[in-house]
Every structure is written in C-alpha cells, then in structure tokens.
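Report on the structure
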Amino acid sequence: MSRKIDPVRNQGLFPCEAEIARRLSQAPAEWPDKATVLERDGLPRIDPIMGGRFWPAVEAYWKRRYGLASIEAFNPDGEENLDALR
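Below, the structure is looked at part by part. (Residues numbered from 1 in each chain as written. Predicted model: local features only at pLDDT ≥ 70, side-chain atom pairs only at ≥ 80, totals over all residues. Heavy atoms only, no water.)

**Describing the pattern of salt bridges**
The line we're drawing: Only one rule defines a salt bridge in this text: a Lys or Arg side-chain nitrogen within 4 Å of an Asp or Glu carboxyl oxygen. In DSSP terms, a helix is any run of H or I states spanning at least four residues, a strand is any run of E spanning at least two, and both are numbered starting from the N terminus. Exposure categories follow from relative accessible area, calculated using a 1.4 Å probe and restricted to protein chains: below 20% of the type maximum is buried, above 50% is exposed, and the middle band is partly exposed.
The final tally for this structure, using the stated rule, is seven salt bridges. Between glutamate 19 and arginine 22 there is a salt bridge, with its nearest N and O atoms 2.6 Å apart. Taken together, the positions of glutamate 19 and arginine 22, both in helix H1 (residues 17-23) and three residues apart, correspond to about one turn of that helix. A salt bridge links glutamate 39 to arginine 45; the shortest N-O distance between them is 2.8 Å. When its relative accessible area of 17% is taken as the criterion, glutamate 39 is described as buried. Because the salt bridges share partners, they merge into one network encompassing Glu17, Glu39, Arg45 and Arg53.

Next up, the structure:
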C-alpha cells in the first residue's frame, strides 16, 4: 500500500516535519530527536495553530547559528567613474 503524499504539506511556509528533515538533509526518523535538542538552542518550535515550523524562521535560525545573520548589503559609495579603468 503506497502512502499518498500531500503536496501542500511539502511546500509553503509551514512544511511538515518530514519535509523540513528533507530540506535539511536529515533522515526523517532521526529528525524529531535532533529537533528537540536544537529547540533548546533556538530552533523555532512547531506553531500549534499552523501545525508546522515557520520555514523562514528555521532558515534564520541556521544563518544565525553559522554567523551569517549579520550580513548586510552595502550602499553604493558614489558615482562610478568607468574612465578610470582605461
């Protein structure tokens, strides 16, 4: 008997735990234990109303964990002088 995959739970802002495990290259069977440990460190918990973790917050958690959260785009420093390249 094959399980029917619900495409709605595999996309969007609140994916199911199996989809989060897939996106993070983790085995779905191991993910719940890992998630429990990571929640103590700030991994967003499952939203009780939406039934899933808010994916942008999950991505932000990993960026903070690896020091990428403070990357900012720089403003242009002035007019470009392309004649300087000659």
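The structure having been displayed, the exposition proceeds.
**Concerning the environment of valine 58**
Selection rule: Note on definitions: a residue-residue contact is assigned when non-hydrogen atoms from the two residues lie within 4.5 Å.
With respect to the helices, strands and loops of the structure, valine 58 is situated in helix H3 (residues 55-65). C-alpha separation for the pair valine 58 and glycine 42, spaced 16 residues apart in sequence, amounts to 9.3 Å. Ignoring anything within four residues of it in the chain, the contact list for valine 58 reads Leu43, Pro44 and Arg53.

**Remarks on the packing of aromatic side chains**
Stated precisely, the cut-off is as follows: Only rings of Phe, Tyr and Trp enter the pairing, Trp through its six-membered ring, and a pair is recorded when the two centres are within 6.5 Å. The plane angle decides the type: under 30 degrees is stacked, over 60 is edge-to-face, the rest tilted. In our convention, an over-ring charge means Lys NZ or Arg CZ found within 6 Å of a ring centre and within 35 degrees of that ring's normal.
In this structure the tally under the stated criterion is three aromatic pairs. Measuring from centroid to centroid gives 5.4 Å for phenylalanine 14 and phenylalanine 54, while their planes differ by 40°, and the two rings are tilted. Residue phenylalanine 14 is located in the segment before H1, and its partner phenylalanine 54 is located in the loop between helix H2 (31-39) and H3; the two are separated by 40 residues in the primary sequence. Relative to tyrosine 66, the ring of tryptophan 62 lies with its centre 6.2 Å away and its plane at 20°, an arrangement referred to as stacked. When its relative accessible area of 57% is taken as the criterion, tyrosine 66 is described as exposed. Through successive ring pairs, a cluster of aromatic residues spans Tyr61, Trp62 and Tyr66. Between arginine 23 and the ring centre of tryptophan 55, over which it is positioned, the NZ or CZ distance is 4.8 Å.

**Quick look at the side chain of glutamate 39**
Examined against the element boundaries, glutamate 39 turns out to sit in helix H2. Other than its neighbours up to four places away in sequence, glutamate 39 contacts Pro44, Arg45, Ile46 and Arg53.

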